[in-house]
Amino acid sequence: MDRPCGARQTGKLPARSIISFPPMVRPFTLDVAFLPVEVGQRPRSAAVVIDVLRASSSIITLFDRGCASIGVADSVNAARAAAATFAARGQAVPLLCGEVGGLAPYGFDYGNSPSEFAGLDLAGRHVVMATTNGTRALHAAAEAGATLVGALLNANAVVRRALELVAQLDEVLLVCSGRAGRFVLDDAVTAGYLCHVLLSEAKVRGLPVNQSNSAIAAYRLYHSFPNLLAALNESDSARALHSIRLGGDVAYCARASLSKTVPELVASSANTEDPRGLYVL
């Protein structure tokens, strides 16, 4: 029988090459809650709470400036009561920060301006902050597997931390704080930008992601604007700040990935003699 030129009969079957496949990577879910009431029970989630104008941006900036702890209260009176507790223990009275109508309440040390905080030296200081919407969102996400604070300012850092956590969890959940229980554009666009960053990072790392409908919507909402500042300026939150001449905060909060700080909720800090990190009152 004729053989093809160059072929050689050996009487043995050709050796089979062994092909190794990389281990299967478990996909995780990317979801967005446009309001805190949408969170529900998420014990397997890495939750990222967003109140970009301005509570989450302020919390990030305060820690950047050296704060030892931040206690977040849902009202001015609750913040004052928490500060009084420090005094009753004989501890240094914390700085009071917060807002009513965008401005610092009577007797408070500061308002809720991240651009103002950015110029302060707060090394080792304790802060109690009054913020209604941000506190509500932190409460809603407090039972998640981990609860982080995110904004545009720390976008890259908070995404990387969330991806570290999701290795042990099943989901990254972006939680928008809203305003008075209603959807706000600024938080939704920020969630969309974080989706954009996370999907890019996951692709680089070879991590499969299942996106919810709300994550897809947030992503597309972000991409419908020419830039982040333009998006924030369209929001009711920004218009309110511009009306009291605090538009500088909008511009400050629209800057992406200036900070590597990722505040993480620590449930036990409120009951210690020397609180550390972020806690909810």
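Rules of the game
- The numbers attached to residues start from 1 for each chain and follow its sequence in the written order.
- Only residues with pLDDT of at least 70 are given local features in this predicted model, and only at 80 or more are side-chain atom pairs given and counted; all residues enter the totals for whole chains, interfaces and linings.
- Hydrogen atoms and water are omitted, and side-chain values are computed over all heavy atoms in the structure.
- Any carboxyl oxygen of Asp or Glu within 4 Å of a side-chain nitrogen of Lys or Arg constitutes a salt bridge here.
- Helical segments are the DSSP runs of H or I of at least four residues, strand segments are the runs of E of at least two, and each set is numbered from the N terminus.
- Only protein chains enter the accessibility calculation, which uses a 1.4 Å probe; a residue whose area is less than 20% of its type maximum is buried, one above 50% is exposed, and one in between is partly exposed.
- Definition of nonpolar core: a set of buried residues of the types Ala, Val, Leu, Ile, Met, Phe, Trp, Tyr and Cys, connected through side-chain atoms within 4.5 Å.
- Any two strands between which DSSP finds at least two bridges are classified as paired.
- Fitted lines through C-alpha atoms give the axes, limited to the stretch in contact for helices. The angle between two N-to-C directions lies from 0 to 180 degrees.
- Residue contacts are counted whenever heavy atoms from the two residues lie within 4.5 Å of one another.
- Our angle categories are set so that under 35 degrees counts as roughly parallel, over 145 as roughly antiparallel, 65 to 115 as roughly perpendicular, and the remainder as oblique.
- Left-handed describes a crossing whose near helix is turned anticlockwise from the far helix through less than a right angle; right-handed describes the clockwise counterpart.
- Residues are grouped as follows: Ala, Val, Leu, Ile, Met, Phe, Trp, Tyr, Cys and Pro are nonpolar; Asp, Glu, Lys and Arg are charged; all remaining types, including Gly, are polar.
- Polar contacts here mean pairs of N or O atoms no more than 3.5 Å apart (in protein, one a potential hydrogen donor and the other a potential acceptor; neighbouring residues in sequence count only if both atoms are side-chain atoms).
- When the centres of two rings from Phe, Tyr and Trp lie within 6.5 Å, Trp using its six-membered ring, the rings pair. Their planes under 30 degrees apart give stacked, over 60 give edge-to-face, and anything left gives tilted.
- pLDDT measures how confident the predictor is about each residue, on a scale from 0 to 100.

Enquirer: I tried to follow the pattern of salt bridges on my own but got confused; where do I start?
Expert: Side chains bearing opposite charge may pair, as long as their charged atoms lie close to each other. Applying the stated criterion across every chain yields a total of 11 salt bridges. We note a salt bridge from Asp 31 to Arg 42, for which the minimum N-O separation is 3.1 Å. Of this pair, Asp 31 sits in strand E1 (residues 28-33) while Arg 42 sits in the loop between E1 and strand E2 (45-50); the two residues are 11 residues apart in sequence, bridging distant segments of the chain. Here Arg 44 ties to Asp 170 by a salt bridge, and the two come within 3.0 Å at their closest N and O atoms. Taken together, the positions of Arg 44 in the loop between E1 and E2 and Asp 170 in the loop between helix H5 (155-165) and strand E7 (171-176) put the pair 126 residues apart, joining distant regions of the chain. Arg 44 sits in the partly exposed class, given a relative accessible area of 40%. With relative accessibility at 31%, the residue Asp 170 sits in the partly exposed group. Taken together, the salt bridges that share partners define one network made up of Arg 26, Arg 44 and Asp 170.

Enquirer: How do you make sense of the nonpolar core when you look at a structure like this?
Expert: Burial of nonpolar side chains together is a common tendency in soluble globular proteins. One finds Val 32, Ile 70 and Leu 174 to be the most contacted residues of the largest nonpolar core, which totals 74 residues. The next biggest cluster of nonpolar side chains, apart from the first, holds 11 residues, and it includes Ala 73, Ala 79, Ala 83 and Tyr 279.

Enquirer: Which parts of the structure should I look at to understand the sheet that holds strand E9 (residues 277-280)?
Expert: Two pairing modes exist for strands in a sheet, parallel and antiparallel, and in both the strands are linked by backbone hydrogen bonds. Sheet architecture is open: 4 strands sit in the order E4-E5-E3-E9, paired in parallel fashion. With one partner strand each, in any of the chains shown, strand E4 (95-98) and E9 form the two edges of the open sheet. Along the sheet, successive strands turn relative to each other by an average axial angle of 20°, direction set aside. As paired strands, strand E3 (residues 69-73) and E9 are joined by 4 bridges and run parallel to one another. Bridge pairing links Ser 69 to Gly 277 in E9.

Enquirer: Explanation requested: the side chain of Ser 69 in the structure shown.
Expert: For Ser 69, the location among the structural elements is in strand E3. In this structure Ser 69 touches Phe 63, Arg 125, His 126, Val 127, Pro 275, Arg 276, Gly 277 and Tyr 279, once residues within four positions along its chain are discounted.

Enquirer: Help me understand the environment of Gly 277, please; the structure alone is not making it clear to me.
Expert: Inspection of the secondary structure puts Gly 277 in strand E9. Separated by 10 residues in the primary sequence, Gly 277 and Ala 267 place their C-alpha atoms 9.5 Å from one another. Those residues in contact with Gly 277, other than ones at most four positions away along the chain, are Phe 63, Ala 68, Ser 69 and Ile 70.

Enquirer: Can you walk me through the packing of H5 against helix H6 (residues 185-205) in this structure?
Expert: Packed helix pairs are characterised by how far apart their axes lie and by the angle those axes make with each other. At a minimum axis distance of 10 Å, the contact between H5 and H6 shows a crossing angle of 55°. Put simply, H5 runs oblique to H6. H6 is crossed by H5, and the crossing has right-handed handedness. Residues Ala 155, Asn 156, Val 158, Val 159, Arg 160 and Leu 163 of H5 touch H6, and the partners they reach there are Tyr 193, Leu 194, Val 197, Leu 198, Glu 201, Ala 202 and Arg 205. Broken down by class, the residue content of the contact of H5 with H6 amounts to 9 nonpolar, 1 polar and 3 charged.

Enquirer: Any chance you could explain the sheet that holds strand E6 (residues 146-150) here in plain terms?
Expert: Strand order across the open sheet formed by 5 strands is E6-E2-E7-E1-E8, with parallel pairing between neighbours. Edge positions in the sheet fall to E6 and strand E8 (209-211), since each of these pairs with one other strand and no more. Mean inter-strand twist for the sheet, computed between neighbouring axes without regard to direction, equals 20°.

Enquirer: Got a minute to help me understand the side chain of Ser 259 in this structure?
Expert: Relative to the helices and strands, Ser 259 resides in the loop between helix H10 (247-253) and E9. A polar contact of 2.9 Å, which involves the side chain of Ser 259, links it to the side chain of Asp 64. Apart from residues no more than four positions distant in its own chain, Ser 259 is found in contact with Ile 60, Asp 64, Leu 153, Asn 154 and Ala 157.

Enquirer: I'm lost on the packing of H6 against helix H7 (residues 213-223) in this one. Help?
Expert: Axis separation between H6 and H7 bottoms out at 7 Å; the angle between their running directions is 100°. One finds that H6 runs roughly perpendicular with respect to H7. Contact residues: H6 offers Leu 185, Ala 188, Val 189, Ala 191, Gly 192, Tyr 193, Cys 195, His 196 and Leu 199, while H7 offers Ala 215, Ala 218, Tyr 219, Leu 221, Tyr 222 and His 223. Split by residue class, the contact of H6 with H7 holds 12 nonpolar, 3 polar and no charged.

Enquirer: Honestly, the packing of aromatic side chains in this entry has me stumped. Any pointers?
Expert: In the structure shown here, the tally under the stated rule is 3 aromatic pairs. Considering the side-chain rings of Tyr 110 and Phe 117, the 6.1 Å spacing of their centres and the 80° angle between planes classify their relative orientation as edge-to-face.

Enquirer: I keep staring at the confidence of the model for the chain and nothing clicks. Help me out?
Expert: With 90% of its residues at a pLDDT of at least 70, the chain reaches an overall mean of 91. The low-confidence segment residues 1-10, where pLDDT is below 50, has 2 contacts with residues more than four positions distant or belonging to other chains.

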